[in-house]
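Listed here are the chains, written in short residue letters.
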There are 2 protein chains.
Amino acid sequence: MRADAQRNYDRIVEVARQVFRERGYDASLDDVAKLAGVGPGTLYRHFPKRENLLDAVMQSWVDKVNDTADKALAHEGSDRDLLVNWFVDYVELISQHKGGPAKLTSAMGNPDSPIVTKCQALARANGRVIDQLREDGALRDDVETIQVCRLVGGIATVADQSELDAAAVRPMLEVVADGLMK
Amino acid sequence: MRADAQRNYDRIVEVARQVFRERGYDASLDDVAKLAGVGPGTLYRHFPKRENLLDAVMQSWVDKVNDTADKALAHEGSDRDLLVNWFVDYVELISQHKGGPAKLTSAMGNPDSPIVTKCQALARANGRVIDQLREDGALRDDVETIQVCRLVGGIATVADQSELDAAAVRPMLEVVADGLMK
DNA sequence: ACCTGAACACCGTTCAAGT
DNA sequence: ACCTGAACACCGTTCAAGT
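Keep in mind it's a predicted model, so treat the numbers as computed, not measured.

J.: How should the environment of V152(A) be read in this particular structure?
T.: By the secondary structure assignment, V152(A) is in helix 9 (residues 145-162). Taking the relative accessible area as the measure of exposure, V152(A) reaches 1% and is therefore buried.

J.: Teacher, can you tell me more about the protein's contact with DNA strand D here?
T.: Surrounding DNA strand D, one finds 20 residues, the nearest of these being L29(A), Y44(A), R50(A), N8(B) and T42(B). Considering DNA strand D, the proportion of its atoms within 4 Å of the protein that are sugar or phosphate atoms stands at 68%. Interatomic distance of 2.8 Å between a side-chain N/O atom of Y44(A) and a phosphate oxygen of DNA strand D. Take T42(B): an N or O atom from its side chain is 2.7 Å from a phosphate oxygen of DNA strand D. Broken down by secondary-structure element, the contributors of at least two residues to the surface near DNA strand D are helix 2 (29-36) and helix 3 (40-46) of chain A together with helix 1 (3-23) and helix 3 (40-46) of chain B. Per-element accounting of the surface near DNA strand D gives the leading share, five residues, to helix 3 of chain B. A per-class count over the surface near DNA strand D returns seven nonpolar, eight polar and five charged.

J.: I'm lost on the UniProt feature "domain: HTH tetR-type" (unreviewed entry) in chain A in this one. Help?
T.: UniProt's feature table lists "domain: HTH tetR-type" (unreviewed entry) at residues 6-65 of chain A, given in the numbering used throughout. Helix makes up 77% of residues 6-65 of chain A and strand 0%. Its end C-alpha atoms lie 27 Å apart.

J.: Explain helix 8 (residues 116-135) of chain B here, please?
T.: Each turn of an α-helix holds 3.6 residues, which means side chains three or four residues apart point in the same direction. Residues and elements named next belong to chain B. Along its 20 residues, helix 8 runs 28 Å from first to last C-alpha, staying within 8% of the 28 Å computed at 1.5 Å per residue. Of all the positions in helix 8, only K118, C119, A121, L122, A125, N126, G127, V129, I130 and L133 are classed as buried. Packed against the buried residues of helix 8 are helix 4 (50-57), helix 5 (61-73), helix 6 (79-94), helix 7 (100-107) and helix 9 (145-162). Taken from the residues just after helix 8, G137 is the one with a positive phi, measuring 70°.

J.: Please explain the relation of the copies chain A and chain B as it appears in this structure.
T.: For these two chain copies, the linking operation is a rotation about an axis paired with a shift along it. For the pair chain A and chain B, the superposition axis carries a translation of 0.0 Å, the fit reaches an RMSD of 0.0 Å, and the rotation angle comes to 180°. With respect to symmetry, the two chain copies, as superposed, fit the operation of a two-fold axis. No C-alpha of chain A approaches the rotation axis more nearly than that of G179(A), which lies at 1.8 Å. Most of the interface of chain A is mirrored in chain B: 100% of its interface residues are interface residues there too.

J.: Would you mind showing me how to read the UniProt feature "DNA-binding region" (unreviewed entry) in chain A here?
T.: As annotated by UniProt and renumbered to match this structure, "DNA-binding region" (unreviewed entry) occupies residues 28-47 of chain A. For residues 28-47 of chain A, the helix share is 75%, the strand share is 0%, and the end-to-end C-alpha distance is 14 Å.

J.: Hey, could you run me through helix 5 (residues 61-73) of chain A in this one?
T.: Residue and element names in this part refer to chain A. The end-to-end C-alpha distance of helix 5, which contains 13 residues, comes to 19 Å, matching closely the 18 Å that a straight helix rising 1.5 Å per residue would cover. Along helix 5, the residues classified as buried are W61, V62, V65, T68, A69, A72 and L73. The buried residues of helix 5 occupy an angular sector of 135° when projected down its axis, which confines them to one face. In this structure, helix 5 carries D63 and K71 as exposed residues pointing more than 90 degrees from its buried face. Its buried side turned inward, helix 5 meets helix 6 (79-94), helix 7 (100-107) and helix 8 (116-135).

J.: What is the right way to read the protein's contact with DNA strand C from this model?
T.: Taken together, 20 residues sit near DNA strand C, with N8(A), T42(A), L29(B), Y44(B) and R50(B) positioned nearest. Of everything in DNA strand C that lies within 4 Å of the protein, sugar and phosphate atoms constitute 69%. The side chain of N8(A) places a nitrogen or oxygen atom 2.6 Å from a phosphate oxygen of DNA strand C. At the level of elements, helix 1 (3-23) and helix 3 of chain A together with helix 2 (29-36) and helix 3 of chain B are the ones that each hand at least two residues to the surface near DNA strand C. In terms of residue class, the surface near DNA strand C is built from seven nonpolar, eight polar and five charged.

J.: What exactly am I supposed to notice about the interface of chain A and chain B here?
T.: When the parts come together, some accessible area is lost, and that loss is often what is quoted as the size of the interface. The interface of chain A with chain B comprises 22 residues on the first partner and 22 residues on the second. Buried area between chain A and chain B, summed over both chains or domains, comes out near 1900 Å², and the portion from carbon and sulfur atoms is 67%. Contact with chain B buries surface across chain A, with R150(A), L151(A) and V175(A) losing the most and accounting together for 27% of the total. For R140(B), the salt bridge identified is with D178(A), shortest N-O distance 2.6 Å. Counting across the chain A and chain B interface gives four residue pairs in polar contact (both at pLDDT 80 or more).

J.: For this particular structure, what's the right way to read the layout of surface pockets?
T.: To find the voids left in a structure, one rolls a probe of water-molecule size over its atoms. Residue and element names in this part refer to chain B. Counted as a void, the largest pocket has a volume near 450 Å³. For the largest pocket, the lining is made up of 19 residues, of which D26, G99, A102, K103 and Q161 are closest to its centre. Elements with a minimum of two residues in the lining of the largest pocket: helix 7 and helix 9. Here the lining of the largest pocket takes four residues from helix 7, the largest share from any one element. Among the residues forming the lining of the largest pocket, the class breakdown is three nonpolar, nine polar and seven charged. Inspection of the lining of the largest pocket shows a minimum of three residues originating in each of domain 1 (1-48) and domain 2 (50-180).

Definitions and limits used
Residues numbered from 1 in each chain as written. Chains lettered and ligands numbered in written order. Predicted model: local features only at pLDDT ≥ 70, side-chain atom pairs only at ≥ 80, totals over all residues. Heavy atoms only, no water. Helix = DSSP H or I, 4+ residues; strand = E, 2+ residues; numbered from the N terminus. Buried < 20%, exposed > 50% of the residue type's maximum accessible area, 1.4 Å probe, protein only. Near = heavy atom within 4 Å. Polar contact = N/O pair within 3.5 Å; in protein donor to acceptor, adjacent residues only side chain to side chain. Nonpolar A, V, L, I, M, F, W, Y, C, P; charged D, E, K, R; others polar. UniProt positions renumbered as here; feature names shortened; annotations may be inferred. Expected span 1.5 Å × (residues − 1). Contact = heavy atoms within 4.5 Å. Least-squares fit on C-alpha atoms with pLDDT ≥ 70 in both. Arc of directions from axis to C-beta. Buried area = accessible area lost by both parts, 1.4 Å probe. Salt bridge = Lys/Arg side-chain N within 4 Å of Asp/Glu carboxyl O. 1 Å grid on protein atoms, 1.4 Å probe; cavity = no way out; pocket = protein on both sides within 12 Å on 5 of 7 lines; lining within 4 Å. Points joined across faces, edges and corners; volume = space filled by probe spheres on them. Domains from an automatic or database assignment.

Structure follows, in structure tokens:
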């Protein structure tokens, strides 16, 4: 990539990360281009679809997902606590920006989505937690990882759209956790 | 209301019902106005916000909600079956149009929403089912009706946005039902 | 090869003029 | 009292012209 192109690419991603954080995932791309000091055409050249930009913005986020899963797995305590705490973390992970939970959860399992690698990272992290609990024999046998992603993602989506606080979300996560355990 | 105003009102609602069904809740209101044969100003006069139009479109839907709850309550069989079947019905009720589950579920508990009466009808129907099961002593004591609405609504929202079929939705509803029961 | 920015399309929303 | 439709604002997207 030419030096000026790389510079523009980086600027756009950096600005988008900030704008998405402040105004949510549906923020105006025109504004992003303006703030990045590029023409709208340049933004569209690098990111033909809005979701390609989301994907770039979430690049570093993948590490955080894996770290969080590691910490959740190291939890000392009951299986139920481990699961509920992981769900709380999961919701927080996908709720960084307004509109994030819906975007990530609806793309889950869709191989054509531009953010497919992000969904996979999320699903793998969730799968690791699920697998460890299954080894303990704590979970129902018929639990599929993607269903858990959708269940918890659904709660996060509702919480995001209704602007619920953590205190309102936890009891719902507990219901799902209890429903998943033997 | 003047005769011509009433006629326009009815036309707009009828057209909107059809358009929302075909293209989802985010369909263009300009199109609705054109198809109803009125100017855009007329539509905005009757329905200042999009959600006021939604509210009018869903007027008859309330009866269907109550009928469905009645039938669910008459179910012969286990409490779990009754609950799961009701959840399946609930999802179907709020999934008439694309975007419906998110709209109805996120407005749940918000007294300022233009569709507040529709949410209340839905919550009341759900509450009737919950109350009957609670009388049977089948449910956890700390279950709040609005939480159940959000849990099931969250699943419906994900299903709507990912275009999942009933076979993929049912297992998730079963998890929630199991998590809610004693 | 890449960028710019004018141009177009689409939609929501308002309001002056009309009946 | 109600309606019309032109007008404006905003945003996404494209593309001819430029470097």
